[in-house]
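# Structural features, examined
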Amino acid sequence: MSEAVRFWRRGVWISLLVLVGALLSLAPYLSSSTEMVRMRNALVLVAGNEGDLAWTPAKVPTGFLLESAAPYPEFVAAVSRLGLAAMPSDWERAVAISRHLLGSSPTLSGGAIQSDLLDSYRRIVGAGEGYCGDFVRVFSGLAMAAGIPVRSWAFSFDGFGGHGHVWVEIWNRNIGSWQLLDVFNNNYFVGVDGVPLSALEVHASMRANATTVRLMPLHPTARSGAGTPERAWDYYRRGLDEWYAVWGNNVFSYDQAQLVRTFGSVSRALEQLGGIVQGVYPGVRILEEPNNRRQVEAIQSVRSHLLWVGATGAAALLVLLVCLVAWWTAGRRLAARGAR
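The structure contained in this document is the topic of the report that follows. The residue numbers shown here count from 1 along each chain, following its written sequence. Totals for whole chains, interfaces and linings use every residue, but because this is a predicted model, local features are given only for residues with pLDDT of at least 70 and side-chain atom pairs only at 80 or more, for both listing and counting. Side-chain numbers come from the whole structure's heavy atoms, not from hydrogens or water.

## Let's talk about the packing of helix 3 (residues 73-82) against helix 5 (residues 117-127)
The convention used is that axes are lines fitted to C-alpha atoms, helices contributing only their stretch in contact, and that angles between N-to-C directions extend from 0 to 180 degrees. Every helix listed is a DSSP run of H or I at least four residues long, and every strand listed is a run of E at least two residues long, numbered separately from the N terminus. Packing of helix 3 against helix 5 leaves a shortest axis separation of 11 Å and a crossing angle of 35 degrees. Residues Glu 74, Phe 75, Ala 78 and Arg 81 of helix 3 lie in contact with helix 5, whose contacting residues are Leu 117, Leu 118, Tyr 121 and Arg 122. Classes in brief: Ala, Val, Leu, Ile, Met, Phe, Trp, Tyr, Cys and Pro nonpolar; Asp, Glu, Lys and Arg charged; the others, Gly included, polar. For the contact of helix 3 with helix 5, the residue count by class is five nonpolar, no polar and three charged. Throughout, a contact is declared for two residues whenever any of their heavy atoms are within 4.5 Å.

Here it is in C-alpha cells:
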C-alpha cells in the first residue's frame, strides 16, 4: 500500500471521528424535550438592547418576523361570526376572542396539540384541547384577522428551556398601548385604574412586589389554569427571571412554509428546524436583567457550542469528502500501476 493511500485513509478516519465527536457533544441537549427547546432557543437568540422590547407597531424592530400573509378564510369567518368589527375597542375584541377559545367547548383538557394552525383552532373550539402555545398561536391568528396587532411573550423555569409558559399581548389601537392576556390560564392584569396592563408593566410590578395589580378573568365561567389567584401569582413569580419576547407574529406564513409542512408530519422538532432553516421560525429576545445574568450567560454558552458544532461539523464533513475522493483516486492509481 502506497504512502498516499495511507495518508488519505488516515484523513478519512480522523475527519470522521471529528464529525462524530462534534455531533455526540449535542447528546445532553437531546435527552428530553425541554433540553431540545433550550437548544432551539439558543439557536434563535436575537441580540438587542432594552429599548427594543418597548417597540410599537409604528416602528417594528429589525428582524422581527411581522406577518405579511393573508389570514386563513376560516379565521376571517370566525371573526365575522363573533361580530368583532362592530365592537367599540380592541380590548373588547381581544376578550371576545379569548372567550371564544375558552368557552366553545364544555371541557378544556389542556393537552398540547402540536399541529398546524387550522387543526389547532378546530381542536381548541371543538374538543377543548390545547396548551398555552396552541392558544397563543390561534389567538394571534384570530386577532390579526380582526386587524389587531399582536406579539407574544414567554418565560421559563429552567434556564430558557422547555419548562415554562407563553402568553400574548395586543396593541390596543384605541389607547395606543400594549395589553397582556394569559388566554390559556384565563387571566389578565389591571392596575389601580382598572386598565389592563402591558407585559412590561406586569413584569415591573412583580419585580417591585407591588400589591396594586389584580388578576381578572377573561371568561367568567371558564376554568382558571392555576386554580386560585394565589397559585397563579406564585406561578408567574417563579418565572420572573427568565422572560423573553417571541421575535415574530408570523403564524400564517410559518404554517404555510414548505419545510415546516414537509417536516411537520414527521416530528415537532424537525418542523421547527425546517422553520429555522427557511427563516420563518421567530427568534427569542431575552429581557436581560442583573437577576438573570447567570441564565443569560448559560444560554449564550449553549449558542456558542451549537455554532462551534456547526462550524466544526461542516469543516470535518468537507475534509471527509476530500479525503474519500483522494483515497479512491490514489487507490485507482496504485491498482493501475500494479496491472502493468
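## Remarks on the packing of aromatic side chains
Pairing of aromatic side chains requires ring centres within 6.5 Å, counting the rings of Phe and Tyr and the six-membered ring of Trp. Pairs whose planes differ by under 30 degrees are stacked, by over 60 edge-to-face, and all others tilted. Overall, the coordinates contain 28 aromatic pairs when judged by the stated rule. Summarising the aromatic geometry, the rings of Phe 155 and Tyr 236 are spaced 6.4 Å apart at their centres and angled 85 degrees between planes, so their arrangement reads as edge-to-face. Here Phe 155, found in strand 1 (residues 150-156), pairs with Tyr 236, found in helix 8 (residues 229-238); they are 81 residues apart in sequence, far enough to count as distant. Between Trp 233 and Tyr 236, the aromatic rings sit 6.2 Å apart at their centres with planes inclined by 85 degrees, giving edge-to-face as the arrangement. Here Tyr 236 and Trp 233 lie together in helix 8, a separation of three residues that amounts to about one turn. Relative accessible area decides the class of each residue, using a 1.4 Å probe on protein chains only: under 20% of the type maximum gives buried, over 50% gives exposed, and in between gives partly exposed. Note on Trp 233: relative accessible area 13%, which makes it buried. When its relative accessible area of 1% is taken as the criterion, Tyr 236 is described as buried.

## Thoughts on the layout of surface pockets
For the second largest pocket, the calculated volume is near 170 Å³. Using only the protein atoms, space was sampled on a 1 Å grid; points where a 1.4 Å probe fits but cannot get out form cavities, open sets with protein on both sides within 12 Å along at least five of seven lines form pockets, and lining residues are those with an atom within 4 Å of a point. Lining the second largest pocket are Gln 114, Ser 115, Asp 116, Arg 137, Tyr 254, Asp 255, Val 260, Arg 261, Gly 264, Ser 265, Arg 268 and Glu 271. For the lining of the second largest pocket, the secondary-structure elements that each account for two or more residues are helix 9 (251-256), helix 10 (258-264) and helix 11 (268-278). When residues in the lining of the second largest pocket are grouped by element, the largest group, three residues, is from helix 10. Grid points are joined across faces, edges and corners, and a volume is the space filled by probe spheres set on the points.

## Some remarks on the pattern of salt bridges
The term salt bridge refers to a pairing of a side-chain nitrogen on Lys or Arg with a carboxyl oxygen on Asp or Glu at a separation within 4 Å. Within this structure, the stated rule accounts for 13 salt bridges. Of the charged contacts in the structure, one is a salt bridge between Asp 90 and Arg 173, with a shortest N-O distance of 2.7 Å. With a gap of 83 residues between them, Asp 90 in helix 4 (residues 90-103) and Arg 173 in the loop between strand 2 (164-172) and strand 3 (177-182) connect regions that are remote in the sequence. Classification of Asp 90 by relative accessible area gives buried; the value is 0%. For Asp 255, the salt bridge identified is with Arg 137, shortest N-O distance 3.8 Å.

Any link to function would need more than the numbers given here.
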